[in-house]
Amino acid sequence: MPKTNAKHDDCQVFTNVATELSVKPRKSGQGRKSKIPHIAQGELTECSQNVIFPQVTVAPALNHSVNSTGNELQIDSTKTPKFVKFSEKKESSLKLCAFAEKTITLAGLDIAVEDGEIPIGPYMKDRTLKRIRDCSKWVIFATPENFEKLRKIGGFVCNNAFCPICAAYQSRRDGLKYCIMLDGAQDLIYVNVLELYDLDTAVNDYVLKAMKHGVEYVMFELTTPNVKGDKLKDEEKKYAKAFHNLCRWFEREVPEYLGFIRKLEVTYNKQKIITQDMWDGTGKYNSPWKYKFSRMGLKVGDRNPYYDTYHPHYHVIMAVTPDFFYTDDEGKECKKITRELLLEKWRYYMGNPNITQVHIQKVYNKRGEGNSATAEIGKYVAKDSDYLHSPKVFKTFYESLKGTRRVTFGGIFKVMNTLFKERKLDMYYPIDETVYKWKISYVWEGKYIENYRVLLTSEQAADIAGMKYSEANDTDDF
Ligand SMILES: [Zn+2]
């Protein structure tokens, strides 16, 4: 069994918070040391390198708070909608652990490890599983008075890609990152690149093209017919290869091409019977299946032929120069690459003439706010409601996604990704105008319990609102 106290560097960002908080671990019910911080009143506490919490008002009792006039309020923060959502993710992560234990840990695989010999994976180590189980066992949020936002400013996170809590935060961070990259690339035409960034950036061919012509975006979705679980991994490999070749074609044949962000998403069809929603493309379905089903002679209530199949697909944002779009004789806006041409190329590189579904559309980038493209591409690789359908489905998702590159960047986005990592795009972070009132700590004891609540001073609240996510580790709203 792995040790309770994982190595410091292994605990990633949030254990830093624990150490910086001058935490005195308290004994948990099992009598072993817990990572849960219990902060005594008056201690100098620090939540990140930039935010310091000196002694402040501490609420007198759990689930109670005191307003500025001294009246006691009875707000159970664990019942607020955002927090309920957060708790559900915690429940999901425990469900994942139960599934993993049955299917992808060494015990689950029923493999005896002799002489330390490790079987060929992918499988999940007990230690990884324990980290996921412990994820967000304690967590600290900053919230405004109405609890409309939960900004995470401390806690233990496992940072596992399959953890539903961490994946939800990751998708928020990714969406924000892509939004910043899109804004930054569009500004290349206006700024002094050499002065603002560096020489490498200023001499990059794609950057030079963007500086001269400007940048627009087009998004598209590449799909193939659904596959059974045992074919999923192979299909993903095919996608990666075909996309690589498609991009080479863009580079060669499309002079307006500047680069791409590409993300893999996998969904699972768990619908045994054709429902009305599925037929109409309503509810959780983005597009109607009625055309396909009626061609197959099927109707609502029939057995769904796609039941228990997987649907890998790519979401792509492509940067192009404005010439990519033009107006035809009838005044209609057209794209240099039509849907038909994209479909033809995708069929060719995938080596599959049965592909019928590709979508392409212009992106209207609202600066600083993101757009449908960044929202789409920042989304989960796989929804926990899909991969937690059953242990078998989870195993299929795990085995096919483990070690797969889910997001890749090309051309100008490679440059923007480097600049983002070097913190040179920090000026594009949207401003958080939330007025934070409370710093609240929760512990998981079969359900979340409010551990303590601290009234923030206006300086502390402003510091939290001004945190970049890299400073605050994992701070964005849930
Ligand atoms: Zn996690």
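For the structure, see preceding data.
Being a predicted model, the structure only gives us computed values, none of them experimental.

Engineer: Account for the coordination of the zinc ion, with residues named and values stated.
Structural biologist: Donor atoms from the polypeptide that coordinate the zinc ion comprise Cys135 (SG), Cys158 (SG), Cys163 (SG) and Cys166 (SG), at 2.2 to 2.4 Å from the metal. Taken together, the four donor atoms coordinating the zinc ion and their angles of 102 to 113° define a geometry best described as tetrahedral.

Engineer: Run through the environment of Thr309, naming residues and quoting values.
Structural biologist: Counting through the fold element by element, Thr309 comes out in strand S9 (residues 309-320). Along the backbone, Thr309 and Asp230 are 79 residues apart, and their C-alpha atoms lie at a distance of 9.7 Å. Setting aside anything within four residues of it in sequence, one finds Thr309 in contact with Asn226, Val227, Lys228, Thr267, Tyr268 and Asn269.

Engineer: Go over the sheet that holds strand S15 (residues 448-455), please, and point to the residues and values.
Structural biologist: Reading across the sheet, the four strands line up as S6-S5-S14-S15 and stay open at both edges, with antiparallel pairing between neighbours. Each of the sheet's edge strands pairs with one partner strand only, and the pair in question is strand S6 (151-155) and S15. In this sheet, adjacent strand axes meet at a mean angle of 25° when their direction is disregarded. One ladder, built from four bridges, connects strand S5 (residues 138-144) with S6; its direction is antiparallel. Bridged to Val139 within S6 is Gly155.

Engineer: Describe the packing of helix H9 (residues 232-253) against helix H12 (residues 339-350), with residues and values.
Structural biologist: Running from N to C, H9 and H12 cross one another at 130°; their axes reach a closest spacing of 8 Å. When the axes of H9 and H12 are compared, the pair comes out oblique. At the point where H9 passes H12, the crossing takes the right-handed sense. Side by side, H9 and H12 meet where Glu235, Lys238, Tyr239, Ala242, Phe243, Asn245, Leu246, Trp249, Phe250 and Arg252 of the first sit next to Leu341, Leu342, Lys345, Trp346, Tyr349 and Met350 of the second.

Engineer: With reference to specific residues and values, describe the environment of His315.
Structural biologist: Inspection of the secondary structure puts His315 in strand S9. Each C-alpha atom of the pair His315 and Leu264 lies 6.5 Å from the other, and the pair is 51 residues apart in sequence. Other than its neighbours up to four places away in sequence, His315 contacts Phe220, Glu221, Ile261, Arg262, Lys263, Glu265, Glu376 and Ile377. One polar contact links His315 to Glu265, side chain to side chain, over a distance of 2.9 Å. Only 3.4 Å separates the side chain of His315 from the side chain of His313, close enough to count as a polar contact.

Rules used throughout
- Residues numbered from 1 in each chain as written.
- Predicted model: local features only at pLDDT ≥ 70, side-chain atom pairs only at ≥ 80, totals over all residues.
- Heavy atoms only, no water.
- Donors = N, O, S within 2.8 Å, 3.2 Å for Na, K, Ca; no water.
- Tetrahedral: all angles 85-135°; square planar, octahedral: opposite > 155°, others 65-115°.
- Helix = DSSP H or I, 4+ residues; strand = E, 2+ residues; numbered from the N terminus.
- Contact = heavy atoms within 4.5 Å.
- Pairing = 2+ DSSP bridges.
- Axes fitted to C-alpha atoms, helices over the stretch in contact; angles between N-to-C directions.
- Parallel < 35°, antiparallel > 145°, perpendicular 65-115°, else oblique.
- Left-handed = near helix turned anticlockwise from the far one by under 90°.
- Polar contact = N/O pair within 3.5 Å; in protein donor to acceptor, adjacent residues only side chain to side chain.

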